[in-house]
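# Survey of secondary and tertiary structure
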Amino acid sequence: MKFLQYSVLPFLLVVVILSLSGATLAHSHGDFLLCLSLHLANSSTISKVIYMRNNPSYSSVLNASIQNTRFSTPATPKPLAIITPLKTSHIQSTIYCSKKHGLQLRIRSGGHDFEGLSYVSEVPFVILDLLNFRAVKVDTKNKVAWVQSGATLGELYYGIAAKTKTLAFPAGICPTVGIGGHFSGGGYGILIRKYGLAADHIIDAQLIDANGRILNRKSMGEDLFWAIRGGGGNTFGIVLAWKIKLVPVPAVVTVFTVNKNLEQNVTKILHRWQYIAHKLPDDLYVDVGITKVSSSQAGKKTVQVAFIALFLGGVDELIPLVQERFPELGLAKENCSEMSWAESVLYFGRAPRKSLDILLDKNVIPRTIFKAKSDYVKEPIPESGIEGFLSMFLEKEADFAAILMVPFGGKMEEIPENELPYPHRAGNLFQASYIVGWRKEENAESGKYISWIRRFYSYMATYVSKSPREAYFNYRDLDIGSNNISGYTSYQQASIWGFKYFKNNFKRLVQERPRLIQ
């Protein structure tokens, strides 16, 4: 299989595109479908695997995993077909036929990619949707699990919680995120300070390479195994399943939320949080969420800063710790709740906690329309800087805007930045993510909201990482650089985004690429 030069790393996932021959595009499409049908060789299977545009189920299958509905409009480019493989041979056949007949292949697990890159392309393409590859096998005795790429984080957590309350996995809080994309970009969550990234705990993988070979860690080699844990698993092949090492947690953990707004001296409290959060004991994680809310004064708005925490222990141990290390927060026992680790995931994800079955609900998180960006902060932002960005939340375009600040330190400070492709380790106080949304009926005016977040991002430039201005791979943002839609993309051009996501690890990813995909 021939890959586009340098375009494989963050944006094209598995690129199996060849130059279109002299045949017409329609003929090429027909040849692809004929090829796939012949390889599947079972008419009853074909109807469950291939969804063409004229199939009554095409739209529902396409839209089922589109989480950002900004990319679900009549004008959004649509795939020629959606392939939902039932077994490994179906994936191998799709790779072979898309390669042979010049169609780009987009791989989708959960559909949460911020720019819709797993289901949108500007060149002729098909989607390979791993929705049927969702098995989770948990081995509590050896503290490991195998999870397929099409499973969601919620399904993984449910599988763990069904067997034990004292093992967990350090990944994200959104239960509908797909394993494949999350793990391959690094993956972080509320256990980041204690245990690092999801990718730090991957100990084996099953991958189909560009030639259809099925490889594990031993047969793929350590260079490729390094690359798929943070450099984009679908960059060098399709990762079918991951073997992960589970981590210990107490049977009971404690969470709390303390809300402060502009009328409650929140600028000074947030300023102080920057000096404290990354230095707290590893068992304590306190992040920050910023939104616009209604003020106590009728008809007015204010900015609310929510300090939300997970503590790997009981409330009686937590209260004196926070009162000593972060007294400005004013934490009281009534702010706290004790629960299991799996329940804490639902707590942070703002999902109902009546039953862990919620973890299996693929619609528990409302689908929205949004644009997002990310940053890394290495020095505390002064109070004047905080006042400036908080004031921007009072603008009309920020009615559905938010910031999430995730504290680092702890385990993240201990792991070298070249250990995996994900490089953002020691020296970062926190990661900052920005998002702005709008209503569906405002789509025609989306430009003003995107303009707002770009202005916000520009304002923050003074206070965040520089040379490069770093960004998180899993929060891909085409504003910071992209490849040519088709054809050759030079290393110099790709470096514009490559070093922001991967820093110096980008060089290794590019240098290893030709050998790894042979």
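Small disclaimer: the values here were computed from a predicted structure and weren't measured.

## Concerning the state of the cysteines
A disulfide bridge is the covalent bond that connects two cysteines by way of their sulfur atoms. As enumerated under the stated definition, the model contains one disulfide in all. Between the sulfur atoms of Cys35 and its disulfide partner Cys97 the distance amounts to 2.1 Å. Its S-S torsion of about -75 degrees marks the bond between Cys35 and Cys97 as left-handed, since a negative value means left-handed. You can see Cys35 sitting in helix 1 (residues 25-40) and its partner Cys97 sitting in helix 4 (residues 88-100), a full 62 residues away along the chain. Taken individually, Cys35 and Cys97 each receive the classification buried, so the pair is uniform in this respect.

## Observations concerning the pairing of strand 12 (residues 253-261)
The element strand 12 is extensively covered by neighbouring structure, given that seven of its nine residues are classed as buried. Sheet analysis places strand 12 next to strand 15 (residues 336-339), joined by four bridges and oriented antiparallel. Bridge pairing in strand 15 places Phe256 opposite Cys336.

## A few points about the environment of Gly181
Among the secondary structure elements, Gly181 is positioned in helix 6 (residues 179-184). Leave out the neighbours within four places in its chain, and Gly181 touches Ser109 and Asn474.

## Looking at the sheet that holds strand 4 (residues 125-129)
If you walk across this open sheet you meet the four strands as 1-2-4-3, and the pairing is mixed. Because the sheet does not close on itself, it has two edges, and the strands there are strand 1 (50-52) and strand 3 (104-108). Direction aside, neighbouring strands of the sheet carry axes that sit 25 degrees apart on average.

## Quick notes on the nonpolar core
In summary, soluble globular proteins display a tendency toward joint burial of nonpolar side chains. Of all hydrophobic cores here, the largest spans 136 residues; its most connected members are Phe183, Ile290 and Phe389. Ranked by the residues each element gives to this core, the list is headed by strand 14 (residues 301-311), at eight residues. For this core, the two domains that each supply at least three residues are domain 2 (136-249) and domain 3 (253-341 + 357-460). What Ile290 contacts, discounting residues up to four positions off in sequence, is Leu270, Val303, Gln304, Val305, Phe389, Leu390, Phe393, Ala401, Ala402, Ile403 and Met405.

## What about unusual backbone geometry?
In the segment running from Ser467 into Pro468, the intervening peptide bond is cis, with an omega of 5 degrees. Following the sequence through the fold, Pro468 ends up in the loop between helix 15 (446-460) and helix 16 (491-502). Backbone geometry at Arg350 places phi at a positive 55 degrees, although glycine is not the residue there. On the secondary structure map, Arg350 appears in the loop between helix 12 (341-348) and strand 16 (369-377). Given a relative accessible area of 57%, Arg350 falls into the exposed group. Of note, Lys503 is a non-glycine position whose phi angle comes to about 50 degrees, a positive value. Structurally, the position occupied by Lys503 is in the loop between helix 16 and helix 17 (505-516). Residue Lys503 is classed as buried on the basis of its relative accessible area, which comes to 17%.

What counts and how
- Residues numbered from 1 in each chain as written.
- Predicted model: local features only at pLDDT ≥ 70, side-chain atom pairs only at ≥ 80, totals over all residues.
- Heavy atoms only, no water.
- Disulfide = S-S within 2.5 Å.
- Helix = DSSP H or I, 4+ residues; strand = E, 2+ residues; numbered from the N terminus.
- Buried < 20%, exposed > 50% of the residue type's maximum accessible area, 1.4 Å probe, protein only.
- Pairing = 2+ DSSP bridges.
- Contact = heavy atoms within 4.5 Å.
- Axes fitted to C-alpha atoms, helices over the stretch in contact; angles between N-to-C directions.
- Core = buried A, V, L, I, M, F, W, Y, C linked by side-chain atoms within 4.5 Å.
- Domains from an automatic or database assignment.

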